[in-house]
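Chains, contacts and geometry: an overview
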Amino acid sequence: MSGLTVAVVGATGLVGEEMIRVLEERKFPVAKLVPLASERSSGKSVEFNGKTWDVQTLSKDSFKGVDVALFSAGGNVSADFCPVAAAAGAVAIDNSSAFRMEADIPLVVPEVNPQTLNKLPERRIIANPNCSTIQLVVVLKPIHDAAKIKRVVVSTYQSVSGAGKEAIEELSCSTRALYAGEDLEPRVFAHRIAFNCLPHIDVFTEDGYTKEEIKMIKETNKIMGDDSIKVSATAVRVPVYFGHSESVNIETEKPMSAETAREFLERAPGVVVLDDPGEKIYPLASECAGRDEVFVGRIRNDPTVAHGLNCWIVADNIRKGAATNAVQIAELLLKQKLIG
(Lines give C-alpha, C1' and ligand atoms only; values in the text may rest on other atoms or scores of the structure.)
Protein backbone atom coordinates (compact mmCIF):
# COMPACT_ATOMS: atom_id res chain seq x y z
CA MET A 1 0.00 0.00 0.00
CA SER A 2 1.37 3.44 -0.91
CA GLY A 3 1.59 6.10 1.75
CA LEU A 4 3.44 6.93 4.93
CA THR A 5 3.85 5.29 8.30
CA VAL A 6 2.60 7.78 10.87
CA ALA A 7 2.97 7.43 14.64
CA VAL A 8 0.77 9.34 17.08
CA VAL A 9 2.28 9.56 20.56
CA GLY A 10 -0.42 10.15 23.15
CA ALA A 11 -2.99 8.51 20.89
CA THR A 12 -5.57 8.04 23.65
CA GLY A 13 -5.38 11.62 24.92
CA LEU A 14 -7.67 14.47 23.90
CA VAL A 15 -5.32 15.96 21.29
CA GLY A 16 -3.97 12.59 20.16
CA GLU A 17 -7.47 11.35 19.39
CA GLU A 18 -8.12 14.54 17.44
CA MET A 19 -4.86 14.16 15.51
CA ILE A 20 -6.04 10.75 14.30
CA ARG A 21 -9.43 12.19 13.36
CA VAL A 22 -7.82 15.10 11.46
CA LEU A 23 -5.43 12.78 9.60
CA GLU A 24 -8.46 10.89 8.32
CA GLU A 25 -10.58 13.97 7.56
CA ARG A 26 -7.80 15.65 5.58
CA LYS A 27 -6.95 12.40 3.79
CA PHE A 28 -3.30 12.53 4.79
CA PRO A 29 -1.60 9.62 2.96
CA VAL A 30 -1.27 7.15 5.84
CA ALA A 31 -0.49 3.57 4.87
CA LYS A 32 0.15 2.48 8.45
CA LEU A 33 -0.91 4.14 11.69
CA VAL A 34 1.14 3.50 14.83
CA PRO A 35 -0.88 4.68 17.86
CA LEU A 36 1.39 4.97 20.90
CA ALA A 37 0.60 5.65 24.55
CA SER A 38 1.71 4.73 28.05
CA GLU A 39 1.14 1.33 29.65
CA ARG A 40 -2.10 2.70 31.13
CA SER A 41 -3.64 2.45 27.66
CA SER A 42 -2.61 -1.16 27.17
CA GLY A 43 -5.38 -3.13 25.47
CA LYS A 44 -7.03 -0.07 23.90
CA SER A 45 -7.51 0.49 20.19
CA VAL A 46 -8.38 3.36 17.85
CA GLU A 47 -10.43 3.54 14.65
CA PHE A 48 -8.83 5.02 11.56
CA ASN A 49 -9.78 4.77 7.88
CA GLY A 50 -12.27 2.01 8.57
CA LYS A 51 -9.78 -0.18 10.43
CA THR A 52 -9.02 -0.91 14.07
CA TRP A 53 -5.46 -0.21 15.18
CA ASP A 54 -4.15 -1.52 18.50
CA VAL A 55 -2.52 1.05 20.77
CA GLN A 56 1.09 0.12 21.44
CA THR A 57 3.10 0.97 24.54
CA LEU A 58 5.62 3.71 23.81
CA SER A 59 9.22 2.51 23.88
CA LYS A 60 12.55 3.35 22.31
CA ASP A 61 11.83 0.76 19.62
CA SER A 62 8.48 2.28 18.60
CA PHE A 63 9.74 4.35 15.67
CA LYS A 64 11.36 1.81 13.34
CA GLY A 65 10.06 2.51 9.83
CA VAL A 66 8.05 5.58 10.95
CA ASP A 67 8.07 8.55 8.55
CA VAL A 68 6.24 11.11 10.72
CA ALA A 69 5.68 11.06 14.48
CA LEU A 70 3.04 13.40 15.93
CA PHE A 71 3.64 13.98 19.65
CA SER A 72 1.01 15.03 22.16
CA ALA A 73 1.92 13.35 25.42
CA GLY A 74 3.49 16.14 27.47
CA GLY A 75 6.85 17.86 27.59
CA ASN A 76 8.75 15.16 29.47
CA VAL A 77 7.72 12.45 27.00
CA SER A 78 8.59 14.71 24.07
CA ALA A 79 11.98 15.62 25.51
CA ASP A 80 12.82 11.92 25.90
CA PHE A 81 11.31 10.46 22.73
CA CYS A 82 11.38 13.12 19.98
CA PRO A 83 15.15 12.65 19.60
CA VAL A 84 14.60 8.87 19.57
CA ALA A 85 12.05 9.19 16.77
CA ALA A 86 14.37 11.49 14.83
CA ALA A 87 17.32 9.14 15.25
CA ALA A 88 15.17 6.33 13.82
CA GLY A 89 14.58 8.42 10.68
CA ALA A 90 11.19 9.97 11.46
CA VAL A 91 10.32 13.65 11.49
CA ALA A 92 8.93 14.52 14.93
CA ILE A 93 6.19 17.16 15.12
CA ASP A 94 5.84 18.05 18.78
CA ASN A 95 2.81 19.65 20.40
CA SER A 96 4.49 20.28 23.77
CA SER A 97 6.62 23.25 24.85
CA ALA A 98 9.77 21.11 25.14
CA PHE A 99 11.52 22.43 22.02
CA ARG A 100 9.60 25.56 21.01
CA MET A 101 12.15 28.16 22.01
CA GLU A 102 15.29 26.29 20.91
CA ALA A 103 17.00 28.29 18.17
CA ASP A 104 17.52 25.39 15.79
CA ILE A 105 13.95 24.04 16.08
CA PRO A 106 11.35 25.60 13.73
CA LEU A 107 8.17 26.82 15.46
CA VAL A 108 5.61 26.65 12.70
CA VAL A 109 2.16 27.94 11.82
CA PRO A 110 1.79 27.12 8.10
CA GLU A 111 -0.32 30.21 7.33
CA VAL A 112 2.30 32.46 8.93
CA ASN A 113 5.87 31.16 8.49
CA PRO A 114 5.92 28.25 6.01
CA GLN A 115 9.33 29.43 4.77
CA THR A 116 10.92 27.97 7.91
CA LEU A 117 10.35 24.52 6.39
CA ASN A 118 12.14 25.05 3.10
CA LYS A 119 14.44 22.32 4.37
CA LEU A 120 14.34 19.80 7.18
CA PRO A 121 15.97 20.92 10.43
CA GLU A 122 19.08 18.93 11.23
CA ARG A 123 17.52 17.55 14.41
CA ARG A 124 14.38 16.43 12.49
CA ILE A 125 12.14 17.98 15.15
CA ILE A 126 9.49 20.64 14.47
CA ALA A 127 7.57 22.40 17.23
CA ASN A 128 3.85 23.08 17.22
CA PRO A 129 3.12 26.39 19.03
CA ASN A 130 0.90 27.00 22.03
CA CYS A 131 -2.79 26.91 21.14
CA SER A 132 -3.44 30.53 22.09
CA THR A 133 -0.41 31.73 20.17
CA ILE A 134 -1.46 29.96 16.97
CA GLN A 135 -4.79 31.73 16.61
CA LEU A 136 -3.23 35.06 17.57
CA VAL A 137 -0.45 35.04 14.97
CA VAL A 138 -2.73 33.88 12.15
CA VAL A 139 -4.59 37.18 12.59
CA LEU A 140 -1.52 39.31 13.32
CA LYS A 141 0.39 38.23 10.21
CA PRO A 142 -1.56 40.11 7.49
CA ILE A 143 -1.77 43.23 9.66
CA HIS A 144 1.96 43.14 10.40
CA ASP A 145 2.83 42.69 6.73
CA ALA A 146 0.78 45.75 5.80
CA ALA A 147 1.32 48.15 8.69
CA LYS A 148 4.10 46.70 10.94
CA ILE A 149 2.89 45.90 14.45
CA LYS A 150 4.60 47.70 17.31
CA ARG A 151 2.68 46.35 20.29
CA VAL A 152 0.05 43.75 21.12
CA VAL A 153 -2.00 43.44 24.31
CA VAL A 154 -3.93 40.18 24.50
CA SER A 155 -6.29 38.80 27.13
CA THR A 156 -7.35 35.20 26.65
CA TYR A 157 -10.54 33.37 27.58
CA GLN A 158 -9.35 29.77 27.38
CA SER A 159 -11.59 26.72 27.49
CA VAL A 160 -11.04 23.87 29.92
CA SER A 161 -10.22 21.39 27.15
CA GLY A 162 -6.81 23.03 26.98
CA ALA A 163 -6.06 21.25 30.27
CA GLY A 164 -7.19 17.82 29.02
CA LYS A 165 -9.93 15.26 29.61
CA GLU A 166 -9.80 15.53 33.40
CA ALA A 167 -10.41 19.27 33.16
CA ILE A 168 -13.50 18.74 31.01
CA GLU A 169 -14.82 16.28 33.58
CA GLU A 170 -14.07 18.70 36.42
CA LEU A 171 -16.15 21.43 34.78
CA SER A 172 -19.07 19.02 34.41
CA CYS A 173 -18.78 17.71 37.97
CA SER A 174 -18.30 21.19 39.41
CA THR A 175 -21.39 22.47 37.61
CA ARG A 176 -23.54 19.54 38.79
CA ALA A 177 -22.26 19.98 42.37
CA LEU A 178 -23.18 23.66 42.40
CA TYR A 179 -26.71 22.94 41.22
CA ALA A 180 -27.03 20.26 43.91
CA GLY A 181 -25.71 22.59 46.60
CA GLU A 182 -22.70 20.35 47.20
CA ASP A 183 -19.03 21.14 47.67
CA LEU A 184 -16.50 19.74 45.20
CA GLU A 185 -12.79 20.01 45.88
CA PRO A 186 -11.04 21.11 42.65
CA ARG A 187 -8.24 18.84 41.47
CA VAL A 188 -7.23 20.12 38.05
CA PHE A 189 -7.71 23.82 38.73
CA ALA A 190 -6.65 25.95 41.68
CA HIS A 191 -10.26 27.05 42.33
CA ARG A 192 -13.77 26.10 41.27
CA ILE A 193 -14.08 26.49 37.50
CA ALA A 194 -17.88 26.33 37.16
CA PHE A 195 -19.37 29.84 36.80
CA ASN A 196 -15.95 31.31 37.42
CA CYS A 197 -12.94 32.84 35.61
CA LEU A 198 -9.45 31.90 36.75
CA PRO A 199 -6.58 34.25 35.80
CA HIS A 200 -4.17 31.38 36.32
CA ILE A 201 -2.96 29.02 33.56
CA ASP A 202 0.25 27.08 34.23
CA VAL A 203 2.52 28.20 37.09
CA PHE A 204 3.42 31.72 38.17
CA THR A 205 6.94 33.03 37.71
CA GLU A 206 8.82 35.52 39.87
CA ASP A 207 7.69 38.50 37.79
CA GLY A 208 4.00 37.68 38.36
CA TYR A 209 3.33 36.30 34.87
CA THR A 210 2.33 32.70 34.27
CA LYS A 211 4.27 30.40 31.99
CA GLU A 212 1.27 30.38 29.64
CA GLU A 213 1.55 34.15 29.25
CA ILE A 214 5.30 33.99 28.73
CA LYS A 215 4.81 31.31 26.05
CA MET A 216 2.48 33.63 24.13
CA ILE A 217 4.95 36.50 24.31
CA LYS A 218 8.08 34.62 23.26
CA GLU A 219 6.40 32.37 20.70
CA THR A 220 4.72 35.30 18.96
CA ASN A 221 8.09 36.98 18.42
CA LYS A 222 9.69 33.79 17.13
CA ILE A 223 6.89 32.85 14.74
CA MET A 224 6.51 36.39 13.39
CA GLY A 225 10.29 36.62 13.01
CA ASP A 226 10.36 40.02 14.69
CA ASP A 227 11.58 40.54 18.25
CA SER A 228 10.68 44.22 18.07
CA ILE A 229 6.96 43.43 18.50
CA LYS A 230 6.11 44.08 22.14
CA VAL A 231 3.56 41.63 23.53
CA SER A 232 1.70 41.75 26.83
CA ALA A 233 -0.53 38.81 27.74
CA THR A 234 -3.01 37.85 30.44
CA ALA A 235 -4.27 34.25 30.25
CA VAL A 236 -7.61 33.32 31.83
CA ARG A 237 -9.38 29.96 32.11
CA VAL A 238 -13.15 30.18 31.62
CA PRO A 239 -15.98 27.61 32.03
CA VAL A 240 -16.24 26.75 28.32
CA TYR A 241 -15.60 23.22 27.05
CA PHE A 242 -14.00 23.92 23.66
CA GLY A 243 -12.73 27.06 21.92
CA HIS A 244 -10.30 29.73 23.07
CA SER A 245 -11.28 33.40 22.72
CA GLU A 246 -8.99 36.43 22.79
CA SER A 247 -9.47 40.16 23.17
CA VAL A 248 -6.61 41.77 21.25
CA ASN A 249 -5.38 45.35 21.06
CA ILE A 250 -2.88 46.06 18.28
CA GLU A 251 -0.75 49.17 17.78
CA THR A 252 0.87 49.60 14.35
CA GLU A 253 3.57 51.89 12.97
CA LYS A 254 1.54 52.80 9.87
CA PRO A 255 -2.09 53.87 9.95
CA MET A 256 -4.67 51.20 9.20
CA SER A 257 -8.41 51.67 9.32
CA ALA A 258 -10.69 48.97 10.64
CA GLU A 259 -12.14 48.66 7.13
CA THR A 260 -8.70 48.06 5.60
CA ALA A 261 -7.80 45.58 8.32
CA ARG A 262 -11.04 43.73 7.64
CA GLU A 263 -10.21 43.55 3.93
CA PHE A 264 -6.73 42.14 4.58
CA LEU A 265 -8.11 39.58 7.01
CA GLU A 266 -10.82 38.47 4.60
CA ARG A 267 -8.06 37.54 2.15
CA ALA A 268 -5.77 35.93 4.72
CA PRO A 269 -5.32 32.13 4.62
CA GLY A 270 -7.07 30.25 7.39
CA VAL A 271 -9.06 33.29 8.58
CA VAL A 272 -12.83 33.76 8.62
CA VAL A 273 -14.15 37.25 9.34
CA LEU A 274 -17.44 37.35 11.27
CA ASP A 275 -17.98 41.03 11.86
CA ASP A 276 -21.47 42.51 11.72
CA PRO A 277 -22.34 43.62 15.27
CA GLY A 278 -25.59 45.21 14.09
CA GLU A 279 -26.79 41.73 13.18
CA LYS A 280 -25.17 40.21 16.31
CA ILE A 281 -22.56 38.48 14.18
CA TYR A 282 -19.19 37.93 15.83
CA PRO A 283 -17.10 34.85 16.64
CA LEU A 284 -18.42 32.55 19.37
CA ALA A 285 -16.56 29.63 20.91
CA SER A 286 -19.71 27.52 20.79
CA GLU A 287 -19.99 27.97 17.01
CA CYS A 288 -16.29 27.64 16.20
CA ALA A 289 -15.79 24.31 17.98
CA GLY A 290 -14.97 21.55 15.52
CA ARG A 291 -13.71 24.00 12.90
CA ASP A 292 -10.15 24.46 11.63
CA GLU A 293 -10.25 28.16 10.78
CA VAL A 294 -9.39 31.14 12.97
CA PHE A 295 -12.36 33.47 13.38
CA VAL A 296 -12.09 37.22 13.91
CA GLY A 297 -14.62 39.96 14.50
CA ARG A 298 -15.36 43.14 16.50
CA ILE A 299 -12.68 44.79 14.34
CA ARG A 300 -12.54 48.47 15.24
CA ASN A 301 -10.10 51.31 15.59
CA ASP A 302 -8.68 52.24 18.99
CA PRO A 303 -8.86 56.03 19.33
CA THR A 304 -6.54 56.10 22.38
CA VAL A 305 -3.38 55.59 20.28
CA ALA A 306 -2.22 57.01 16.98
CA HIS A 307 -2.59 53.75 15.06
CA GLY A 308 -4.60 51.22 16.98
CA LEU A 309 -6.98 48.32 16.34
CA ASN A 310 -9.10 46.11 18.57
CA CYS A 311 -10.46 42.70 17.62
CA TRP A 312 -11.90 39.48 19.00
CA ILE A 313 -10.31 36.16 17.93
CA VAL A 314 -11.76 32.67 18.44
CA ALA A 315 -10.55 29.20 17.40
CA ASP A 316 -10.96 25.58 18.42
CA ASN A 317 -7.94 25.01 20.64
CA ILE A 318 -7.90 21.25 20.16
CA ARG A 319 -8.10 21.46 16.37
CA LYS A 320 -6.34 24.53 14.91
CA GLY A 321 -4.70 25.14 18.26
CA ALA A 322 -3.11 21.70 18.30
CA ALA A 323 -4.10 18.70 16.14
CA THR A 324 -4.90 20.43 12.85
CA ASN A 325 -1.84 22.66 12.94
CA ALA A 326 0.37 19.60 13.50
CA VAL A 327 -1.16 17.78 10.54
CA GLN A 328 -0.84 20.94 8.42
CA ILE A 329 2.87 20.95 9.23
CA ALA A 330 3.08 17.35 7.99
CA GLU A 331 1.20 18.38 4.85
CA LEU A 332 3.69 21.20 4.30
CA LEU A 333 6.59 18.74 4.63
CA LEU A 334 4.91 16.54 2.04
CA LYS A 335 4.35 19.47 -0.30
CA GLN A 336 8.00 20.48 0.03
CA LYS A 337 8.98 16.84 -0.68
CA LEU A 338 10.81 16.66 2.64
CA ILE A 339 9.01 13.45 3.52
CA GLY A 340 7.51 10.64 1.47
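Residues numbered from 1 in each chain as written. Predicted model: local features only at pLDDT ≥ 70, side-chain atom pairs only at ≥ 80, totals over all residues. Heavy atoms only, no water.

1. Regarding helix H5 (residues 211-224)
An α-helix turns once every 3.6 residues. As a result, residues three or four positions apart point the same way. Across its 14 residues, H5 extends 20 Å between first and last C-alpha, which sits within 8% of the 20 Å expected from 1.5 Å per residue. The set of residues buried in H5 consists of Glu212, Glu213, Met216, Glu219, Thr220, Asn221, Ile223 and Met224. In this fold, the buried residues of H5 make contact with helix H3 (131-147), strand E9 (149-157), strand E10 (230-234) and strand E11 (244-252). One or two positions beyond H5, positive phi appears at glycine 225, with a value near 70°. (Helix = DSSP H or I, 4+ residues; strand = E, 2+ residues; numbered from the N terminus. Expected span 1.5 Å × (residues − 1). Buried < 20%, exposed > 50% of the residue type's maximum accessible area, 1.4 Å probe, protein only. Contact = heavy atoms within 4.5 Å.)

2. Here's the deal with the pairing of strand E6 (residues 68-71)
A two-sided burial pattern is seen for E6, the buried positions comprising Val68 and Leu70 on one face and Ala69 and Phe71 on the other. Pairing analysis gives four bridges linking strand E1 (residues 4-9) to E6, with the strands arranged parallel. Bridging from a neighbouring strand, valine 9 pairs with phenylalanine 71 of E6. In terms of strand pairing, E6 meets strand E7 (residues 91-94) through four bridges, oriented parallel. The partner of leucine 70 across the bridge, within E7, is isoleucine 93. Note that the unit made of E6, helix H2 (residues 75-87) and E7 has a crossover that is right-handed. (Pairing = 2+ DSSP bridges. Right-handed = clockwise from strand over helix to strand, strands pointing away.)

3. Considerations on unusual backbone geometry
The phi angle at aspartate 202 is positive, at roughly 75°, despite the residue not being glycine. Mapped onto the secondary structure, aspartate 202 falls in the loop between helix H4 (165-179) and H5. A relative accessible area of 34% means that aspartate 202 is categorised as partly exposed. Backbone geometry at lysine 280 places phi at a positive 60°, although glycine is not the residue there. Here lysine 280 is to be found in the loop between strand E12 (271-273) and helix H7 (285-288).

4. Re the packing of aromatic side chains
Applying the stated criterion across every chain, the model contains four aromatic pairs. Arranged with centres 5.9 Å apart and planes meeting at 20°, the rings of phenylalanine 63 and phenylalanine 71 form a pair that is stacked. Here the two residues phenylalanine 63 and phenylalanine 71 agree in accessibility, since each one is buried. With a centroid separation of 6.0 Å and 85° between ring planes, the pair formed by tyrosine 179 and phenylalanine 195 is classed as edge-to-face. Taken together, the positions of tyrosine 179 in helix H4 and phenylalanine 195 in the loop between H4 and H5 put the pair 16 residues apart, joining distant regions of the chain. Between the NZ or CZ atom of lysine 60 and the centre of the ring of phenylalanine 81, over which it lies, the distance is 5.2 Å. Stacked on the ring of phenylalanine 264, the Lys or Arg arginine 267 has its end atom at 5.2 Å from the ring centre. (Phe/Tyr/Trp six-rings, centres within 6.5 Å; stacked < 30°, edge-to-face > 60°. Lys NZ or Arg CZ within 6 Å of the ring centre and 35° of its normal.)

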